[in-house]
Amino acid sequence: MTRDRLLILKRVLPVLVIATLAGGAAEKSAIPDIEHWRKAFARPDHTPAPADNPTTPEKVKLGAALFEDTRLSGAGNVSCSSCHQAELSFSDGIDRHPGLDDQPLDRRTPPLWNMAWGLSFFWDGRAASLESQALGPIEHQREMGGDLKRALEALASDPQMRASFAKAFPEDPSITRDNLLKALAAFERTLVSPETRFDRWVKGDDAVLEADELAGLSLFMGKGGCVACHQGWRFTDEAFHDIGLPSTDKGRGPVLNMKAADHAFKTPSLRERVWSAPYMHDGSLATFEDVVDHYAKGVVKRPTLSADLPQVIDLSEKERAQLVAFLSTLSSDDPPRPASLPPKIMAFGAPAQAVAATTASQKDRRFSPSAILLKVGEALRILNDDTRTHNVRVDSAEMNFNSDGQNPGDTVTLGFDKPGHYDIICGIHPEMRLSVDVASAP
Ligand code: HEC
Ligand code: HEC
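What comes next concerns the included structure.

Cut-off values and rules
- Each chain has its residues counted from 1, running along the sequence as written.
- For naming, the first written chain is A and the first written ligand is 1, with later ones following in the order written.
- Only residues with pLDDT of at least 70 are given local features in this predicted model, and only at 80 or more are side-chain atom pairs given and counted; all residues enter the totals for whole chains, interfaces and linings.
- The side-chain quantities take in all heavy atoms of the structure and omit both hydrogens and water.
- A single heavy atom is enough: if one lies within 4 Å of a molecule or strand, its residue is considered near that molecule or strand.
- Pairs of N or O atoms are called polar contacts if they sit within 3.5 Å, as long as, within protein, a hydrogen donor faces a hydrogen acceptor (for residues adjacent in sequence, only side-chain-to-side-chain pairs).
- Helix and strand definitions follow DSSP, with helices as H or I runs of at least four residues and strands as E runs of at least two, each counted in order from the N terminus.
- Charged residues are taken to be Asp, Glu, Lys and Arg, nonpolar residues to be Ala, Val, Leu, Ile, Met, Phe, Trp, Tyr, Cys and Pro, and polar residues to be all remaining types, Gly included.
- Think of it this way: DSSP has to see at least two bridges between two strands before they count as a pair.
- Working definition of a nonpolar core: buried Ala, Val, Leu, Ile, Met, Phe, Trp, Tyr and Cys residues. They are joined through side-chain atoms within 4.5 Å.
- Burial classification: accessible surface area is computed with a 1.4 Å probe over protein chains only, and a residue below 20% of its type maximum counts as buried, one above 50% as exposed, and the rest as partly exposed.
- Every residue pair with non-hydrogen atoms within 4.5 Å of one another is taken to be in contact.
- Coordination here is defined by N, O and S atoms within 2.8 Å of the metal (3.2 Å for Na, K and Ca), and since water is not considered, a site can look incomplete.
- In short, tetrahedral needs four donors with all angles between 85 and 135 degrees, square planar needs four and octahedral six donors with opposite donors over 155 degrees apart and all other angles between 65 and 115, and whatever is left is irregular.

1. Details of the site of ligand 1
Near ligand 1 you find 26 residues, and of these Cys-80, Cys-83, His-84, Phe-122 and Lys-266 are the closest. Contact distances for ligand 1 include 3.0 Å between an oxygen atom and a side-chain N or O atom of Arg-126. When residues of the shell around ligand 1 are traced back to their parent elements, those giving at least two are α4 (80-83), α5 (130-133) and α6 (135-139). Counted by class, the shell around ligand 1 contains 15 nonpolar, 5 polar and 6 charged residues.

Next comes the structure, spelled out in structure tokens:
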């Protein structure tokens with residue numbers, strides 16, 4: 001049933017485009033700074049993998065088999081692919097999947113494209129890596145209701161599984177929790193969304209987008225304000241925002257133990273979304289039209305609303321249809337198959353040259369400087385000179401610190417009494433990283 005609705009949606013879109021073309025001028029809207037945007041949306045040529053879990057064909061093959069394996073669930077009846085279905089963009093086409101108790105789960109099943117570039121996982125970002133994420137659904141009482149120890153025993157009694165683990169992990173050929181999670185993560189990192197018509201525009205083919213799609217792209221970057229959060233080739237800033245949905249789910253707030261992040265959810269990628277309706281963390285919006293209508297006239301005003309959301313998004317009916325037309329250019333015309341991109345071990349971000357400093361700025365969602373040298377006993381002042389609320393956090397063995405909501409104008413001061421390396425992040429904008437090296441006093 002849901003599948004039919006998706007197909008209808010696909011068929012209606014071109015009609016909409018033609019209708020608006022016939023009704024108005026088919027002028028090509030000028031996109032200001034076109035070369036800048038082409039660069040900003042260019043696809044990468046490698047898939048990142050962490051140094052402690054390099055992607056190998058053997059591991060990916062094992063991970064793909066485990067993704068389908070119902071032995072990971074308590075009753076032997078659910079696998080990852082029960083909810084993350086390949087033909088539905090690794091989602092499930094419904095608002096909230098029924099749990100083992102037959103009641104809808106709390107949130108919608110997100111599609112799994114381009115997870116390799118993710119900085120945090122789940123709608124509220126509560127898992128820090130794909131490896132740690134997979135434990136969630138396996139042991140979740142209402143999702144798979146599994147017991148990892150029993151699942152590992154079941155797999156170990158299967159000679160074929162033993163052989164597959166041995167091939168995937170030649171240095172440590174055993175069926176362990178870590179190897180299972182590594183194989184699942186390695187498989188998920190291969191789910192790269194394929195090129196679409198939009199990518200041909202990015203590569204310089206001006207004629208590939210219709211006038212209304214180009215007008216939609218202009219609105220996306222201009223009046224709609226969408227690109228403030230849906231950035232880069234995946235169309236996400238990996239940050240957490242309250243976009244004013246009526247849902248009472250607190251999202252990121254409880255994860256950070258911080259009211260300023262209530263109702264904030266991770267910005268979803270917009271790749272291949274034609275194939276993964278309905279939308280939002282609660283699956284409450286059925287179509288792209290509903291999504292655009294939400295931004296234009298449905299935003300619930302509350303104190304936690306993201307500073308990156310324009311106060312008013314004033315879009316005519318025609319402009320809303322153009323935005324919808326543009327959104328569909330980020331999806332394949334036929335059910336998507338993962339693209340193949342060579343893997344590469346990558347650490348997060350380029351290592352910056354560390355400088356001696358005792359003050360850091362947070363302007364434009366960037367710590368500046370981004371790498372600092374201090375001496376034991378010195379304090380670091382972090383000034384929120386940005387327009388957004390931030391959150392300074394350190395989670396390490398030596399130091400646990402959470403600044404709570406740090407409003408524009410607020411300064412957070414951190415003292416360091418032990419030498420070592422510290423990573424400071426913002427819990428709301430995890431792409432913000434500040435590395436601090438504290439040297440012992442002379
Ligand atoms: C019963 C349905 C169901 C099953 C089974 C399931 N998932 Fe999920 N998955 C979900 C839901 C719902 C969420 C979102 C939950 C949340 O954000 O709180 C999710 C989230 C995720 C995410 C995070 C995506 C993102 O955008 O951050 C990943 C990755 C994932 N699942 C992988 C898996 C793997 C691997 C398995 C098997 C071990 C699995 N899932 C089994 C329903 C399911
Ligand atoms: C302030 C940041 C921000 C801005 C600006 C923004 N979005 Fe979003 N977008 C999000 C977040 C966060 C979500 C998920 C919200 C949730 O589920 O609670 C989302 C969800 C979506 C979704 C649903 C994706 C899915 O798979 O569920 C679409 C489509 C979308 N936005 C399109 C747009 C368009 C079009 C605009 C411009 C009119 C826009 N967004 C502006 C942050 C933003």
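2. Things to note about the sheet that holds strand β13 (residues 433-439)
The pairing of strands in a sheet comes from backbone hydrogen bonds and takes either a parallel or an antiparallel form. One open sheet holds the 6 strands; their spatial order is β5-β7-β13-β12-β9-β10, and the pairing between them is mixed. Strands at the two margins of the open sheet, each flanked by one partner only, are β5 (355-356) and β10 (400-402). Pairing of strand β9 (residues 392-395) with strand β12 (residues 420-426), which is carried by 3 bridges, proceeds in the antiparallel orientation. Paired with Val-394 across the two strands is Ile-424, which belongs to β12.

3. As for the nonpolar core
Looking at soluble globular proteins, one finds that nonpolar side chains tend to be buried together. Core analysis: the biggest nonpolar cluster contains 36 residues, and Phe-41, Phe-198, Trp-201, Leu-217, Phe-220, Met-221 and Phe-235 have the highest contact counts within it. At the level of elements, α10 (197-202), α11 (211-221), α13 (288-298) and α14 (317-328) are the ones that each hand at least two residues to this core. If you tally residues by element for this core, the top one is α11, at 5 residues. In contact with Met-221, other than residues within four places in its own chain, are Ile-31, Trp-37, Phe-41 and Val-227. Listed in part, the 35 residues of the second largest apolar core include Met-115, Leu-152, Ile-175 and Leu-181.

4. Notes on the site of ligand 2
Among the 24 residues in the neighbourhood of ligand 2, the closest are listed as Cys-226, Cys-229, His-230, His-281 and Tyr-295. At 2.8 Å, a side-chain N or O of Arg-108 approaches an oxygen atom of ligand 2. When its residues are assigned to classes, the shell around ligand 2 shows 14 nonpolar, 7 polar and 3 charged.

5. Notes on the coordination of the iron atom of ligand 2
In a perfect tetrahedron of four donors around a metal, the angles come out at 109.5 degrees. In a perfect octahedron of six, they are 90 or 180 degrees. Bound to the iron atom of ligand 2 on the protein side are His-230 (NE2) and Tyr-295 (OH), at distances that span 1.9 to 2.1 Å. The coordination sphere of the iron atom of ligand 2 comprises 6 donor atoms, whose angles at the metal cover 86 to 180 degrees; the geometry is octahedral. With a gap of 65 residues between them, His-230 in the loop between α11 and β2 (240-241) and Tyr-295 in helix α13 connect regions that are remote in the sequence. Taking relative accessible area as the criterion, His-230 reaches 9% and is therefore assigned buried.

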